[in-house]
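Results of the structural survey
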Amino acid sequence: MSMMPVCELWVPDPSNAFLQCTSACYVGYEDFGRQSHGVAFARGEGLPGRVWATRRPDLLATLDAPSDFVRARAAADADLSVGLGLPVVCNDEVIAVMTFLFAQGPEPSGVFEIWGPSSDNRELTWRSGFYGQLEEIREVSLATTFAPGQGLPGRVWQTRLPEIVDSLWQNSTGEFVREEAAMVAGLTMGFALPVIHGGEVQSVAAVLSTVDMPFAKVMEVWLPNEDKTELHKKSGYYGRYAKFTDDAQATFKLGEGVPGQVWESKTPQLIHPLDEHSGFARYQAAQSVDLTVAIGMPIIEGDEVTAVILLLN
């Protein structure tokens, strides 16, 4: 299992007046998908529209009232309770919004956080978060700040690149600022990405999760090489899906596979199902371990793609 059962890709329509859903995955939540058909958002409306307007990641800790989640009744019927929206920014404009909707189970499974630079740009401060039953780590987080390079959010802020950590506190040598609280909560994995516009990292979105419920079943970060001819893998998480790496491709050229297509187009992709017609280069390896969804997201500075994130479920 993973933390992201429902994922949607929203892009501005040709008139730039509304966000429309161009691709989505509702496996196990098909009725919610049917009720979502044809929904569109104006700038500032609902979770996708708010991310579009602010150019910042956003969290809804509840999809029911008093939130402004437009599809609240459908979400309640599907037991979906938490929403995360991530902007894709190119040339300081939001060109797409990715939304992930989650079902909160009875056991703690993960933490979602959004961090931003302080007014003097000297540290990252807490902006919002979802902690479920993990009240202890919430209290610690509210009182925590990160210097550049400190902890997972601080490293992403400093490097301006996404990062995957498969062991937050084991052998951390004090690197993980909230180690004790994470150990108590069973949080072992971390994934964080920057949102860049105006030449600066404006936000860092972070996910901390348990090994039994990662953000995605497979996660990879790909970076262009120095001469911008190929993408090379920076890091990856495979958990129980190590077999997926048997046919792993070491590099991707511009336009090749999902990472290469995201690199070339500078736009995210959401592909379901993963088959020979999907354009997913490793579809046979994915099918062998029952991975059916691929999400590719670019990290962009100005108009240059500096990293590509690949999430598989």
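Data block above holds the structure.
This section reports on the structure supplied with the text. (Residues numbered from 1 in each chain as written. Predicted model: local features only at pLDDT ≥ 70, side-chain atom pairs only at ≥ 80, totals over all residues. Heavy atoms only, no water.)

1. Things to note about the overall build of the protein
Scanning the protein from terminus to terminus reveals eight helices and 18 strands. Referenced to the eigenvectors of the C-alpha coordinate spread, the extents of the protein come out at roughly 50 × 45 × 40 Å. Buried residues in the protein amount to 54% of all 313 residues. Taking the contacts inside the protein whose residues are at least 6 apart along the sequence as the reference set, 58% of them involve residues at least 24 apart. Considering the protein, the positive charge centre built from 22 side chains and the negative charge centre built from 40 side chains are found 3 Å apart. (Helix = DSSP H or I, 4+ residues; strand = E, 2+ residues; numbered from the N terminus. Buried < 20%, exposed > 50% of the residue type's maximum accessible area, 1.4 Å probe, protein only. Contact = heavy atoms within 4.5 Å. Lys, Arg positive; Asp, Glu negative; His and termini not counted. Charge placed at Lys NZ, Arg CZ, Asp CG, Glu CD.)

2. A word on the layout of surface pockets
Its volume calculated, the second largest pocket comes out at about 170 Å³. Taken together, T54, R56, P57, D58, L59, A61, I114, R127, S128, G129 and S203 make up the lining of the second largest pocket. When contributions to the lining of the second largest pocket are tallied by element, the ones reaching two or more residues are β4 (58-60) and β8 (124-130). In terms of residue count, the dominant contributor to the lining of the second largest pocket is β8 (three residues). (1 Å grid on protein atoms, 1.4 Å probe; cavity = no way out; pocket = protein on both sides within 12 Å on 5 of 7 lines; lining within 4 Å. Points joined across faces, edges and corners; volume = space filled by probe spheres on them.)

3. With respect to helix α5 (residues 151-159)
Within α5, seven of the nine residues are buried, leaving the element largely enclosed by the surrounding structure. Buried-residue contacts for α5 involve β7 (110-117), β8, β9 (145-146), β10 (163-165), β11 (189-197) and β12 (200-209). A positive backbone phi angle near 65° is found at R160, which sits one or two residues after α5.

4. Observations regarding the pattern of salt bridges
A full pass over the atoms with the stated rule returns ten salt bridges. In this structure, the salt-bridge partner of E8 is R71, at a minimum N-O distance of 2.7 Å. Separated by 63 residues along the polypeptide, E8 in strand β1 (residues 6-12) and R71 in the loop between β4 and α3 (72-77) bring together distant segments of the chain. Judged by its relative accessible area of 0%, E8 falls in the buried class. Judged by its relative accessible area of 6%, R71 falls in the buried class. Notably, a salt bridge pairs E220 with R282, separated by 2.9 Å at the nearest N-O pair. One end of the pair, E220, is in strand β13 (residues 218-224); the other, R282, is in the loop between β16 (269-271) and α8 (283-288), and 62 residues separate them in sequence. We classify E220 as buried; its relative accessible area is 1%. (Salt bridge = Lys/Arg side-chain N within 4 Å of Asp/Glu carboxyl O.)

5. Some points on empty space enclosed by the protein
Per the stated rule, a full pass over the model turns up three cavities of 30 Å³ or more. What the largest cavity holds in volume is close to 80 Å³. Lining the largest cavity we find P87, V88, V89, L193, P194, V195, I196, M297, P298, I299 and I300. Elements with a minimum of two residues in the lining of the largest cavity: β5 (82-90), β11 and β17 (294-301).

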